[in-house]
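Working through the structure, step by step
Each chain, written out:
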Amino acid sequence: MSLLPILRYPDARLHQVARPVGPIDDGIRQLINDMAETMYAAPGVGLAATQVDAHVRVIVIDVSEARDELRVFVNPELIKASGEAEREEGCLSVPDVYEKVRRPERVTVRALDANGEPFELEAEGLLAVCIQHEMDHLEGKVFVEKLSRLKQSRIRARLKKRERSPAPPESRRTVL
């Protein structure tokens, strides 16, 4: 396993739409393992293949406190969404930026696991947010694009300034 470089917003590659995965082979399994290692090391609770410049429909998520409940979603499809909630989100591709985003409160997703077995999962709370956030990446979308144009401009300016003179990271928060 190895750590993969995470693309940083506004890198144009983050806007590339991921293609479906065919048969799950050793290459996809290696990608899943590397993504999981990268997510845990970052540290984050979710990572989409798009964020590591692999434009296939693969997501890894672990929202457990102990960081021992890795979930793998290959070719995920959102089949149901209900309710509405606003929750603060962060992103490994947009370091140290946290903003409130409104999303469906509950979702049902259909996907394949790391062995190619199909499953459906109903999720709410942080897991539902994380699934939606990572699926957005597979569609070439970054969470900050759900914000007003003014907030997006401010975030871009802050990130450019940080590139010139890196500041210490903010306090630990959940990063998707």
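Going by the structure above, here's the rest.
1. Focus on unusual backbone geometry
- Put simply, Y9 and P10 share a cis peptide bond, and its omega is 10°.
- Within the fold, P10 resides in the segment before α1 (26-41).
- Residue P43 is reached from A42 by a cis peptide bond, and omega for that bond is -15°.
- Following the sequence through the fold, P43 ends up in the loop between α1 and β1 (46-48).
- Backbone geometry places D53, a non-glycine residue, at a positive phi of 60°.
- Here D53 shows up in the loop between β1 and β2 (58-61).
- The backbone of R67 shows a phi angle near 60°, a positive value even though the residue is not glycine.
- You can see R67 is positioned in the loop between β2 and β3 (71-82).
- Classification of R67 as partly exposed rests on a relative accessible area of 27%.

2. Looking at a positive patch on the surface
- A cluster of basic residues, R149, R156, K160, K161 and R164, forms a positive patch at the surface.
- Its location among the elements puts R156 in helix α3 (residues 149-164).

3. What about the environment of Q51?
- Along the chain, Q51 falls in the loop between β1 and β2.
- Judged by its relative accessible area of 0%, Q51 is buried.
- When the C-alpha atoms of Q51 and V142 are compared, they prove to be 9.8 Å apart, with 91 residues separating the residues in sequence.

4. Notes on the sheet that holds strand β7 (residues 118-124)
- Strand order in the open sheet formed by five strands is β1-β2-β3-β6-β7, and the pairing between neighbours is antiparallel. Only two strands of the sheet have a single neighbouring strand rather than two, namely β1 and β7. Pairwise comparison of adjacent strand axes, ignoring direction, gives a mean angle of 40° for this sheet.
- Where β1 lies against β2, three bridges are found, and the strand directions are antiparallel. Of the residues in β2, the one forming a bridge with A48 is I59.
- Running at roughly 40° to β2, α1 makes contact with β1, β2 and β3 of the sheet.

5. Structural notes on the state of the cysteines
- One pass over the structure, following the stated rule, counts zero disulfides.
- Free of any disulfide, C91 has its nearest neighbouring cysteine sulfur in C130, separated by 9.9 Å.
- Judged by relative accessible area, C130 falls into the buried class, the value being 0%.

Rules used in this analysis
Residues numbered from 1 in each chain as written. Predicted model: local features only at pLDDT ≥ 70, side-chain atom pairs only at ≥ 80, totals over all residues. Heavy atoms only, no water. Helix = DSSP H or I, 4+ residues; strand = E, 2+ residues; numbered from the N terminus. Buried < 20%, exposed > 50% of the residue type's maximum accessible area, 1.4 Å probe, protein only. Patch = residues over 30% accessible without salt bridge, like charges linked within 9 Å, V, L, I, M, F, W, Y side chains within 5 Å. Areas by Shrake-Rupley, 256 points an atom, 1.4 Å probe, with all protein chains shown as cover. Salt bridge = Lys/Arg side-chain N within 4 Å of Asp/Glu carboxyl O. Lys, Arg positive; Asp, Glu negative; His and termini not counted. Charge placed at Lys NZ, Arg CZ, Asp CG, Glu CD. Pairing = 2+ DSSP bridges. Axes fitted to C-alpha atoms, helices over the stretch in contact; angles between N-to-C directions. Contact = heavy atoms within 4.5 Å. Disulfide = S-S within 2.5 Å.

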